[in-house]
Amino acid sequence: QVHLADSGGGLVQAGDSLRLSCGASVNIFGMKAMAWYRQAPGKQRELVTRITNGGRLDYADSVKDRFTISRDSVKNTMYLLMNSLKPEDTAVYYCHAEETWGAQYWGLGTQVTVSP
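(A) Main features of the side chain of T49. Within the secondary structure, T49 sits in strand β5 (residues 46-52). Here T49 falls in the buried class, since its relative accessible area comes to 0%. The contact partners of T49, leaving out residues within four places of it in the chain, are M34, A35, W36, D58, Y59, I69 and L80.

(B) View of the side chain of S21. Its place among the elements puts S21 in strand β3 (residues 18-24). Under the relative-accessibility criterion, S21 is labelled buried at 17%. Here S21 is in contact with A5, D6, S7, W36, T77, M78 and Y79, once residues within four sequence places are set aside.

(C) Representation of the sheet that holds strand β7 (residues 67-72) in the model. Spatial strand order, β1-β3-β8-β7: four strands in an open sheet with antiparallel pairing. Of all strands in the sheet, those bounded by a partner on one side alone are β1 (4-7) and β7. Strand-to-strand, the axes of this sheet are offset by a mean angle of 15°, without reference to chain direction. Looking at chain direction, β7 and strand β8 (residues 77-82) are connected through six bridges and run antiparallel. Opposite S70, over in β8, you have Y79 as the bridge partner.

Cut-offs used in this document
Residues numbered from 1 in each chain as written. Predicted model: local features only at pLDDT ≥ 70, side-chain atom pairs only at ≥ 80, totals over all residues. Heavy atoms only, no water. Helix = DSSP H or I, 4+ residues; strand = E, 2+ residues; numbered from the N terminus. Buried < 20%, exposed > 50% of the residue type's maximum accessible area, 1.4 Å probe, protein only. Contact = heavy atoms within 4.5 Å. Pairing = 2+ DSSP bridges. Axes fitted to C-alpha atoms, helices over the stretch in contact; angles between N-to-C directions.

Here you go:
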């Protein structure tokens, strides 16, 4: 069983930065892909950014040039660096992992709140 522990959320002001972390119980480079999703109140969960085991990166248009996904092979941890945060970035952020055979795993989520 794969366990994902996402953390690093908090209350910040518009324009500030935050770095989220997702610690995994397995080698994350063995996963087909790792991703960050978010869910704002009253809205569906949406993909924020995704990185494949081949290194392909995808970002939602709303976060391009502001957010950066990265991985640390030694710590088996994925990060999301969020710069120039906006109130519309307020959401619960979830770490996600996908196995090559299709199994998917989720973290419990970490709350990010951006005040105007």
